[in-house]
Amino acid sequence: MALPLPIARTNPFDPPSSLLDGEPLRPLAFPDGHVGWLVTDHGLARQVLADPRFSSKMELRRIPVERPKVEGFETGQSALRGFFIAMDPPDHTRYRRALTGQFTVRRMNALRPRIEQIVAERLDVLESKGQGADLVSTFALPVPSLVICELLGVPTEDRGLFESAASTLLRLDASDGDAAEAMTTLLGYLSELISRKRQSPGDDLLSGLVSEEEEFDDEELLGIALLLQVAGHETTANMLALGTFALLRHPEQAEALRSGAVPVASAVEELLRYLSIIQFGTGRAALEDLELGGQQIKYGDTVILSIPAANRDADRFDEPHTLDLARNARGHLAFGYGVHQCLGQQLARIEMAAAYPALLGRFPKLRLAVPPEEVPLRHDMAIYGVHALPVEWS
Ligand code: HEM
């Protein structure tokens, strides 16, 4: 029998237990009445993500949870041109290639000192709060948000507008009206930004795209900018906040990171695996009837690849429910797999590698300021994490 996607968690860091139990490929009931499929097996998830017979097109795939309906954003209609996460090759390839040309190792390395500086400045702000503060609003959200401003060439004083609009768009319980308003605000802002970049390009990524040989029109640039903005800051922000929560609940692991006993790169990969913040996974629609994992998938069926479950697959990772910063977590699916694998992954890694050790180093006595069960969890958001993380350090 097809059941809805399990959502309720009993532990802040573990996926819902009914997601982890049961068949690795099972029927899934969608809110619109569609019966599709849920994949919880690591190998099978990778197989689907690498298979061109499965489409990412927004107009074909369904969303496994109720969420507000906003034109151009996961509504079952086509995506904005340029919003290439919701496109298939060859259309996707054209954008991806141009963007890969902008997300160069050189640009990422050039950003590293600026990211370290942003981290240090936000730690100063945190320290200036006295003995305690909310880590999300003071540190975890501003760091990636300022980095995205830097990348896109957005004046930093405008980040408040970005943050609140993106957060409304990612709320499952926002009204259709509020979500539509947030989308209008964001698109209006980004349109103006693009025309400013056309008039006087700088050395940021958007300016780079404006002056690319590959001509993108304004609508395409808008789709690209929207995607980078939405994909780029709430994700990393939640990794920083939920990651810190996890470290504070595993003090021996935090100590290993603080003391340098585990390499920071390995710690970052394990936190990505263990926390898997894209909590409802990613979806694909079958472009033809086909056989998968012993089941008949029909043309048009949406298959949800549960990233949290795949990253806890015991056939792939030993003791998958243990946070072990020293393990080799490579091969996790936190950034997806295949042609849509996260474009910003190196940037996100640089941000996390700069932030966790600096935070733990600056505040050796960092601890929760409330009982752990009082930390508000983001069950209600497309991206999992914490709404706030009250901490103290004196
Ligand atoms: C820890 C933080 C992040 C996580 C966990 C994450 C996760 C993901 C995942 C799972 C996908 C694949 C979606 C799919 O297959 O349907 C993806 C794609 C994408 N991500 Fe990230 N992401 C993160 C940070 C970022 C950042 C910092 C940026 C940009 C600055 C970014 C930009 C993108 C873009 C543009 C895509 C679409 C790629 C394509 O369709 O070719 N992400 N991300």
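What you are looking at is a predicted structure, and each value in this text was computed from that prediction instead of being measured.

Caption draft 1: Representation of the pattern of salt bridges in the model. The full count for this structure, using the stated rule, is 21 salt bridges. Arg258 serves as the salt-bridge partner of Glu255, at 2.8 Å between the closest nitrogen and oxygen. You can see Glu255 and its partner Arg258 sitting in helix H11 (residues 251–259), three residues apart, about one turn around the helix. Classification of Arg258 as partly exposed rests on a relative accessible area of 28%. One continuous salt-bridge network, built from bridges that share partners, spans Arg81, Arg94, Asp217, Glu219 and Glu220.

Caption draft 2: Structural detail: the pairing of strand S1 (residues 25–29). Bridge count between S1 and strand S2 (residues 35–39): five bridges; the pairing is antiparallel. From the neighbouring strand, Ala29 faces S2, where its bridge partner is Val35. Counting the residues that bridge the hairpin from S1 to S2 gives five residues, and of these Gly33 lies at a positive phi of roughly 95°.

Caption draft 3: Molecular detail of the packing of helix H4 (residues 105–128) against helix H14 (residues 345–362). Contact geometry of H4 with H14 gives a least axis separation of 9 Å together with a crossing angle of 35°. Remark: the crossing between H4 and H14 carries right-handed chirality. Touching Met108, Leu111, Arg112, Ile115, Glu116, Val119, Ala120, Leu123, Asp124, Leu126 and Glu127 of H4 are Leu347, Ile350, Glu351, Ala354, Ala355, Ala358, Leu359 and Arg362, all from H14.

Caption draft 4: Region of the structure containing helix H12 (residues 264–275). Its twelve residues give H12 an end-to-end C-alpha distance of 16 Å, which sits within 8% of 16 Å, the value for a rise of 1.5 Å per residue. Counting buried positions along H12 yields ten of twelve residues, so the element is predominantly enclosed. Of the residues making up H12, those classed as buried are Ser266, Ala267, Val268, Glu269, Glu270, Leu271, Leu272, Arg273, Tyr274 and Leu275. Taken together, the buried residues of H12 touch helix H10 (218–249), H11 and H14. One or two residues past the end of H12 sits Ser276, with phi positive at roughly 35°.

Caption draft 5: The coordination of the iron atom of the ligand, seen in detail. Coordination of the iron atom of the ligand by the protein involves just one donor, Cys342 (SG), at a distance of 2.3 Å. Tracing the backbone through its elements, the reader meets Cys342 in the loop between helix H13 (307–310) and H14.

Caption draft 6: Structural context of the packing of helix H6 (residues 142–152) against H10. With their axes 8 Å apart at the nearest point, H6 and H10 run at an angle of 150° to one another. Accordingly, the angle class assigned to the pair H6 and H10 is roughly antiparallel. Taken as a pair, H6 and H10 cross one another with a handedness that is right-handed. The segment H6 lies against H10, with Val143, Pro144, Ser145, Ile148 and Leu152 engaging Ala225, Leu228, Gln229, Gly232, His233, Thr236, Ala237 and Leu240. Partitioning the contact of H6 with H10 into residue classes produces eight nonpolar, five polar and no charged.

Caption draft 7: Representation of the sheet that holds strand S3 (residues 54–55). Within the open sheet, the five strands sit side by side as S1-S2-S8-S5-S3. Their pairing is mixed. The strands lining the two open edges of the sheet, one partner per strand, are S1 and S3. Across four bridges, strand S5 (residues 282–286) lies against strand S8 (residues 302–305) in antiparallel orientation. In the sheet register, Ala285 faces S8, and the bridge partner there is Thr302.

Caption draft 8: Focus on the environment of Arg327. Within the element layout of this structure, Arg327 appears in the loop between H13 and H14. The exposure class of Arg327 is buried, given its relative accessible area of 13%. The residues contacting Arg327, other than those within four sequence positions of it, are Ser266, Glu270, Arg273, Phe317, Asp318, Glu319, Pro320 and Thr322. A polar side-chain atom of Arg327 sits 2.9 Å from the main-chain carbonyl oxygen of Glu319.

Caption draft 9: Structural detail: the state of the cysteines. Counted according to the given criterion, the structure contains zero disulfides. This cysteine, Cys149, is not joined by any disulfide, and Cys342 carries the nearest cysteine sulfur, 18 Å off.

Caption draft 10: Focus on the site of the ligand. Taken together, 28 residues form the shell around the ligand, and within it His92, Arg96, Thr282, His340 and Cys342 come nearest. The side chain of His92 places a nitrogen or oxygen atom 2.7 Å from an oxygen atom of the ligand. At a separation of 2.6 Å, an oxygen atom of the ligand approaches a polar side-chain atom of His340. Among the elements that line the shell around the ligand, the one with the most residues is H10, at seven residues. Taken together, the residues that form the shell around the ligand break down as 18 nonpolar, eight polar and two charged.

Caption draft 11: Local environment of the side chain of Thr235. Mapped onto the secondary structure, Thr235 falls in helix H10. Overall, the relative accessible area of 19% leaves Thr235 in the buried class. Engagement of the side chain of Thr235 in a polar contact is seen with the backbone oxygen of Ala231, the distance being 2.6 Å. Beyond its immediate stretch of four places on either side in the chain, Thr235 contacts Ile277, Ile278 and Ile383.

Caption draft 12: Representation of the side chain of His332 in the model. Structurally, His332 is set in the loop between H13 and H14. A distance of 2.7 Å separates the side chain of His332 from the side chain of Glu269, its partner in a polar contact. Side-chain polar atoms of His332 contact the backbone nitrogen of Ala334, separated by 3.1 Å. Contacts of His332, omitting those with residues within four sequence positions, involve His42, Glu269, Leu272, Arg273, Asn311, Phe317 and Arg349.

Caption draft 13: The arrangement of the packing of aromatic side chains in detail. In total, this model carries six aromatic pairs according to the counting rule given. A centroid spacing of 5.2 Å and a plane angle of 75° characterise the contact between Phe162 and Tyr189, whose relative ring orientation is edge-to-face. Of this pair, Phe162 sits in helix H7 (residues 159–169) while Tyr189 sits in helix H8 (residues 176–199); the two residues are 27 residues apart in sequence, bridging distant segments of the chain. For the pair formed by Phe162 and Tyr189, the shared burial category is buried. Ring pairs connect the aromatic residues Phe13, Phe245 and Tyr274, which therefore count as one cluster. Looking at Arg273, its charged tip hangs above the ring of Phe317, at a distance of 5.2 Å from the centre.

Calculation rules
- Residues numbered from 1 in each chain as written.
- Predicted model: local features only at pLDDT ≥ 70, side-chain atom pairs only at ≥ 80, totals over all residues.
- Heavy atoms only, no water.
- Salt bridge = Lys/Arg side-chain N within 4 Å of Asp/Glu carboxyl O.
- Helix = DSSP H or I, 4+ residues; strand = E, 2+ residues; numbered from the N terminus.
- Buried < 20%, exposed > 50% of the residue type's maximum accessible area, 1.4 Å probe, protein only.
- Pairing = 2+ DSSP bridges.
- Axes fitted to C-alpha atoms, helices over the stretch in contact; angles between N-to-C directions.
- Left-handed = near helix turned anticlockwise from the far one by under 90°.
- Contact = heavy atoms within 4.5 Å.
- Expected span 1.5 Å × (residues − 1).
- Donors = N, O, S within 2.8 Å, 3.2 Å for Na, K, Ca; no water.
- Parallel < 35°, antiparallel > 145°, perpendicular 65-115°, else oblique.
- Nonpolar A, V, L, I, M, F, W, Y, C, P; charged D, E, K, R; others polar.
- Polar contact = N/O pair within 3.5 Å; in protein donor to acceptor, adjacent residues only side chain to side chain.
- Disulfide = S-S within 2.5 Å.
- Near = heavy atom within 4 Å.
- Phe/Tyr/Trp six-rings, centres within 6.5 Å; stacked < 30°, edge-to-face > 60°.
- Lys NZ or Arg CZ within 6 Å of the ring centre and 35° of its normal.

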